[in-house]
Amino acid sequence: MKSILVVDDNEILCRLACDILRMEGYKAVPASNAAEALHAFEEQDFDLLVTAFQMPGMSGIDLARTVRNRNPDFPVIVMTAFEPVECEHVTLWLPKQYLFPNLLEKIRYCLDESKRTSEKAHV
């Protein structure tokens, strides 16, 4: 079972995303901010990070950068209500207005891409 960390300071949106992911067979763990997310990374292994772009304290981009500094190939999806910016630490951008049902499609894409990258590294 793939494990996904979902980070958003909007508790309702975060909980809804996790509920949908669980119904699709994923292990989904919510976090309400970047500090909570980093703590979760220390406690558990995840296959994917889905984070909000703008949050109080550390932004989603800063969180993505921190995660990618530890694991350069780790897949990261950033949800945003703003125009995406060029960023090497983000695998995919997902406009919040199109969050559902596009979230599942983007997650499948990132996990498949991560699997292909991992397989190439082991050859």
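These lines cover the structure that appears in this document, whether it is placed above or below.

Some details on the overall build of the chain
- Across its full length, the chain carries four helices and five strands.
- Ordered by position from N to C terminus, the α and β elements of the chain give β-α-β-α-β-α-β-β-α.
- Its C-alpha atoms give the chain a radius of gyration of 13 Å, near enough to 14 Å, the size a compact globule of 123 residues would have.
- Along the longest, intermediate and shortest principal axes, the C-alpha atoms of the chain span 40 × 30 × 30 Å.
- Put simply, the chain has 123 residues, and 44% of those count as buried.

Examining the sheet that holds strand 3 (residues 48-52)
- A sheet is described by the order of its strands in space; here five strands give the open sequence 2-1-3-4-5, paired in parallel fashion. Looking at which strands have only one partner, the edges of the open sheet turn out to be strand 2 (27-31) and strand 5 (92-95). Taking the axes of each pair of neighbouring strands and ignoring which way they run, one obtains an average angle of 20° across the sheet.
- In terms of strand pairing, strand 3 meets strand 4 (residues 76-80) through four bridges, oriented parallel. Within the sheet, the bridge partner assigned to A52 lies in strand 4 and is M79.

Concerning the side chain of R68
- Position of R68 relative to the elements: it lies in helix 3 (residues 60-70).
- One buried charged side chain, R68, makes no salt bridge at all; its nearest oppositely charged neighbour is D73, positioned 6.6 Å away.
- A polar contact of 3.4 Å, which involves the side chain of R68, links it to the backbone oxygen of P72.
- Within polar-contact distance, the side chain of R68 engages the side chain of T91 at 2.7 Å.
- In contact with R68, other than residues within four places in its own chain, are D73, F74, P75, V76, E88, H89, V90 and T91.

About the criteria used
- Residues numbered from 1 in each chain as written.
- Predicted model: local features only at pLDDT ≥ 70, side-chain atom pairs only at ≥ 80, totals over all residues.
- Heavy atoms only, no water.
- Helix = DSSP H or I, 4+ residues; strand = E, 2+ residues; numbered from the N terminus.
- Rg over C-alpha atoms; globule rule 2.2 N^0.38 Å.
- Buried < 20%, exposed > 50% of the residue type's maximum accessible area, 1.4 Å probe, protein only.
- Pairing = 2+ DSSP bridges.
- Axes fitted to C-alpha atoms, helices over the stretch in contact; angles between N-to-C directions.
- Lys, Arg positive; Asp, Glu negative; His and termini not counted.
- Salt bridge = Lys/Arg side-chain N within 4 Å of Asp/Glu carboxyl O.
- Polar contact = N/O pair within 3.5 Å; in protein donor to acceptor, adjacent residues only side chain to side chain.
- Contact = heavy atoms within 4.5 Å.

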